[in-house]
Amino acid sequence: IKDVQDTIEEELISHDDLEEKIVQMAHRASEDYKGKNPLLVAVLKGAANVMTTFSQAMTIPVEIDYMSLSSYGSGTQSTGKVLVRHDLSTDIAGRHVLIVEDIIDSGFTLDWLVKEFKRRGAASVEIFAMLEKPARLKFPVDVKYKGFQIPDKFVVGYGLDYDEKYRNLDSIAVLKPAVYKGEYA
Ligand code: PRP
Ligand code: MN
Ligand code: MG
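Computed from a predicted model, the values in this text were never measured in an experiment.

> Would you explain the packing of aromatic side chains in this entry?
What characterises a pair of aromatic rings is the spacing of the ring centres plus the angle enclosed by the ring planes. Per the stated rule, a full pass over the model turns up five aromatic pairs. Residues phenylalanine 154 and tyrosine 162 carry aromatic rings whose centres are separated by 6.1 Å and whose planes lie at 85° to one another, so their mutual orientation is edge-to-face. Ring geometry for phenylalanine 154 and tyrosine 180: centres 6.1 Å apart, planes at 80°, overall edge-to-face. Taken as a pair, phenylalanine 154 in the loop between β7 (145-149) and β8 (155-156) and tyrosine 180 in helix α4 (residues 177-180) lie far apart in primary sequence, 26 residues in all.

Below is the structure:
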């Protein structure tokens with residue numbers, strides 16, 4: 001077993017650059033949601049880290065809830081099905097919902113979730129996405145608060161996993177090929 005830092009091929013986005021952008025978007029959202037009592041929803045597990053930074057940078061009182069969804073099994077390819085592992089504990093009818101997501105890859109997860117929240121009667125549904133991979137987008141979703149656009153590489157860190165690991169890395173990085181080959185297992 002190697003230290004996380006020894007398994008990184010390339011850092012794509014530094015911790016400081018990530019947090020600067022997340023804080024900037026949180027400040028913008030704080031202006032937009034004044035007087036609206038917004039409900040922030042993080043899509044677990046990947047969005048847990050970005051939710052913490054984003055919500056702490058908001059300057060108005062907000063409510064926070066979590067929904068656990070998965071469309072990627074243990075591999076690097078979407079399974080094409082959304083599995084609800086854990087649902088909200090909040091009734092969102094009439095609420096202004098701001099979804100906080102770590103990455104939009106194909107858009108499948110958020111396309112499903114936005115429709116689901118509208119079906120539940122949300123007054124509005126908007127998205128903050130820390131990362132977007134435009135080259136892979138198959139289900140276009142309307143993203144109000146944008147972080148970074150990244151190339152079509154499998155990335156980990158700041159909540160994003162490979163086989164459930166590397167979520168604890170504090171930047172966005174590409175792993176060495178040896179990791180995917182299981183050479184450090
Ligand atoms: C990842 C990521 C997004 C989703 C993006 O989650 O965190 O939620 O995939 O892919 P898409 O745009 O193609 O739907 P994953 O299913 O791996 O679950 P996790 O958050 O628990 O890692
Ligand atoms: Mn996710
Ligand atoms: Mg994942």
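> Where do I start with the confidence of the model for the protein chain in this structure?
A low pLDDT means the predicted coordinates there should not be read in detail. Confidence along the protein chain averages 94 in pLDDT terms, with 96% of residues attaining 70 or more. In the predicted assembly, ipTM is 0.97 and pTM is 0.94.

> When you look at the site of ligand 1 in this model, what are you seeing that I'm missing?
Taken together, the neighbourhood of ligand 1 is formed by 19 residues, with Arg85, Glu101, Ser106, Gly107 and Thr109 sitting nearest. At 2.8 Å from an oxygen atom of ligand 1 is found a side-chain nitrogen or oxygen belonging to aspartate 102. Here an oxygen atom of ligand 1 sits 2.9 Å away from a polar atom, N or O, in the main chain of aspartate 105. When isolated, ligand 1 has an accessible area of 490 Å², and the protein chains bury 94% of it.

> Would you mind showing me how to read the pattern of salt bridges here?
When charged atoms on two side chains of opposite charge get close, those side chains can pair. Considering all chains together, one arrives at 14 salt bridges under this definition. The salt bridge partner of glutamate 116 is arginine 120, with a shortest N-O separation of 2.8 Å. Several salt bridges converge on common partners, so that one network encompasses Lys45, Asp161, Glu164 and Arg167.

> Where do I start with the packing of helix α1 (residues 15-32) against helix α2 (residues 48-57) in this structure?
Angle between the axes and distance between the axes: these two values describe a pair of packed helices. Across the interface, α1 lies against α2 with an axial gap of 8 Å and an inter-helix angle of 50°. One element, α1, and the other, α2, form an angle in the oblique class. For the pair α1 and α2, the crossing hand works out as right-handed. Taking contact as the criterion, the partners of Glu19, Ile22, Val23, Met25, Ala26, His27, Ala29 and Ser30 in α1 are, on α2, Val50, Thr53, Phe54 and Ala57. Among the residues forming the contact of α1 with α2, the class breakdown is eight nonpolar, three polar and one charged.

> When you look at helix α3 (residues 108-119) in this model, what are you seeing that I'm missing?
At 3.6 residues per turn, the α-helix brings residues three or four places apart onto the same side. In this model α3 runs 17 Å from its N-terminal to its C-terminal C-alpha over 12 residues, within 8% of the 16 Å that 1.5 Å per residue would give. Taken together, the buried positions of α3 are Phe108, Thr109, Leu110, Asp111, Leu113, Val114, Glu116 and Phe117. Of the residues trailing α3, glycine 121 is marked for its positive phi of about 90°.

> Explain the nonpolar core here, please?
The tendency in soluble globular proteins is for nonpolar side chains to be buried side by side. In terms of nonpolar packing, the biggest core is built from 30 residues, with Val50, Phe54, Phe128, Met130, Leu131, Val155 and Ile172 touching the most fellow members. Within the residue set of this core, elements represented by two or more residues are α1, β2 (39-44), α2, β5 (96-104), β6 (124-132), β7 and β9 (172-175). Tallying contributions element by element places α1 first for this core, with five residues. Setting aside residues up to four positions removed in sequence, valine 155 forms contacts with Leu12, Ile103, Leu131, Ile150, Leu160, Ile172, Ala173 and Val174. The next biggest cluster of nonpolar side chains, apart from the first, holds 20 residues, and it includes Val43, Leu113, Ala129 and Val141.

> For this particular structure, what's the right way to read the pairing of β2?
Most of β2 sits out of view: five of its six residues are buried. Summarising the sheet, β2 and β5 pair through four bridges and their orientation is parallel. When the sheet's bridge partners are listed, alanine 42 is paired in β5 with valine 100.

The rules we used
- Residues numbered from 1 in each chain as written.
- Chains lettered and ligands numbered in written order.
- Predicted model: local features only at pLDDT ≥ 70, side-chain atom pairs only at ≥ 80, totals over all residues.
- Heavy atoms only, no water.
- Phe/Tyr/Trp six-rings, centres within 6.5 Å; stacked < 30°, edge-to-face > 60°.
- Helix = DSSP H or I, 4+ residues; strand = E, 2+ residues; numbered from the N terminus.
- pLDDT = per-residue confidence, 0-100.
- Near = heavy atom within 4 Å.
- Polar contact = N/O pair within 3.5 Å; in protein donor to acceptor, adjacent residues only side chain to side chain.
- Areas by Shrake-Rupley, 256 points an atom, 1.4 Å probe, with all protein chains shown as cover.
- Salt bridge = Lys/Arg side-chain N within 4 Å of Asp/Glu carboxyl O.
- Axes fitted to C-alpha atoms, helices over the stretch in contact; angles between N-to-C directions.
- Parallel < 35°, antiparallel > 145°, perpendicular 65-115°, else oblique.
- Left-handed = near helix turned anticlockwise from the far one by under 90°.
- Contact = heavy atoms within 4.5 Å.
- Nonpolar A, V, L, I, M, F, W, Y, C, P; charged D, E, K, R; others polar.
- Expected span 1.5 Å × (residues − 1).
- Buried < 20%, exposed > 50% of the residue type's maximum accessible area, 1.4 Å probe, protein only.
- Core = buried A, V, L, I, M, F, W, Y, C linked by side-chain atoms within 4.5 Å.
- Pairing = 2+ DSSP bridges.

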